[in-house]
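Overview (structure and organization)
The chain contents come next:
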Amino acid sequence: MYSDIALIAGAVGAGERGQEVIARMQRHIERVRAHTVGVARPRVFCEEWGKPLIVSQAWVAELVGAAGGQFLGIPGRQISPAEVARVDPDILIAAWCGAGDRVPLEKLVADRKWQGTRAALTSRIYCVRDEDLNTPAPTLLRGLDALAFAIHPEIFARTKGIRQITCVHSSTAASLPL
């Protein structure tokens, strides 16, 4: 991602500005990472698409690690809902391409029969705006902040661009914008 930013900035004659953007991103990521040193690392499943179910990309895996979580799955690969249930994540994050923050979390949990997962039982199912996680660009910093809150709300403040299920039932659930 950094090499792409540098390449594009150089191509438009803004190489120095590109390096500033890269440095700012790296500092932000390292600040978040520093706050998660020595804390528990909950297991996090992130998806970028729902049909078929696709695991989020490698840069999301890196951001989950920086935010203090353990990324589950192989980035960019298809996975079955049953496999996700089997690995029983502590936290579920949906950031569907083109959906903004409109992923139907309640329906997703019910249709996939994820009500018994740790994430559902503890109401740790979130939607993060796709433009904050699915574009390898400076907007990823907003996605990182949303992930940090979802993974370690005891350390990080709420941020815009994240929505959470507050209660999971067998067929319906309530959702609370954050």
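Provided above is the structure to which this section pertains.
Okay, so let's go over this structure. (Residues numbered from 1 in each chain as written. Predicted model: local features only at pLDDT ≥ 70, side-chain atom pairs only at ≥ 80, totals over all residues. Heavy atoms only, no water.)

As for the overall build of the protein chain
Which entries qualify depends on this criterion: Helix numbers and strand numbers start at the N terminus; a helix is a DSSP run of H or I with at least 4 residues, a strand a run of E with at least 2. Only protein chains enter the calculation, and the probe is 1.4 Å; a residue is then buried if its accessible area is under 20% of its type maximum, exposed if over 50%, and partly exposed in between. Residue contacts are defined here by distance: any two heavy atoms, one from each residue, within 4.5 Å place the two residues in contact. For accessible areas, the Shrake-Rupley method is used with a probe of radius 1.4 Å. Any residue's cover is judged against the shown protein chains and nothing else. Positive: Lys, Arg. Negative: Asp, Glu. His and the chain ends are not part of the count. To locate a charge, take atom NZ for lysine, CZ for arginine, CG for aspartate or CD for glutamate.
When its secondary structure is counted, the protein chain shows 8 helices and 7 strands. Its C-alpha atoms put the protein chain at 55 × 35 × 25 Å along the principal axes. Within the protein chain, the proportion of its 178 residues that are buried is 48%. Of the contacts made within the protein chain by residues no fewer than 6 positions apart, 68% connect residues no fewer than 24 positions apart. A total of about 8700 Å² of accessible surface is found on the protein chain, and carbon and sulfur atoms cover 56% of it. Charged side chains of the protein chain number 21 positive and 18 negative; the gap between the two group centres comes to 3 Å.

Remarks on unusual backbone geometry
Cis geometry marks the peptide bond from lysine 51 to proline 52; its omega dihedral reads 0 degrees. Secondary-structure assignment places proline 52 in the loop between strand 1 (43–50) and strand 2 (53–55). Within the chain, lysine 113 stands out as a residue other than glycine whose phi angle is a positive 60 degrees. With respect to the helices and strands, the residue lysine 113 is situated in the loop between helix 5 (105–112) and helix 6 (118–121). For lysine 113, a relative accessible area of 65% corresponds to the exposed category. Despite not being glycine, serine 123 shows a phi value in the positive range, around 55 degrees. Residue position: serine 123 is located in the loop between helix 6 and strand 5 (125–128). Judged by its relative accessible area of 15%, serine 123 falls in the buried class.

A closer look at the packing of helix 2 (residues 15–35) against helix 8 (residues 140–151)
Convention followed: In this description, a line fitted to the C-alpha atoms serves as the axis of each element, helices being fitted only across the stretch in contact, and the angle between N-to-C directions of two axes falls anywhere from 0 to 180 degrees. Angles are sorted into four bins: roughly parallel if under 35 degrees, roughly antiparallel if over 145, roughly perpendicular if 65 to 115, and oblique for all others. Polar here means any residue other than Ala, Val, Leu, Ile, Met, Phe, Trp, Tyr, Cys and Pro, which are nonpolar, and Asp, Glu, Lys and Arg, which are charged; Gly is therefore polar.
Viewed as axis vectors pointing N to C, helix 2 and helix 8 meet at an angle of 5 degrees, and their least axial separation amounts to 10 Å. Compared by their axis directions, helix 2 and helix 8 come out roughly parallel. Seen from helix 2, the contacting residues are Arg24, Met25, His28, Ile29 and Val32; seen from helix 8, they are Leu141, Leu144, Asp145 and Ala148. Of the residues contributing to the contact of helix 2 with helix 8, the split by class is 6 nonpolar, 1 polar and 2 charged.

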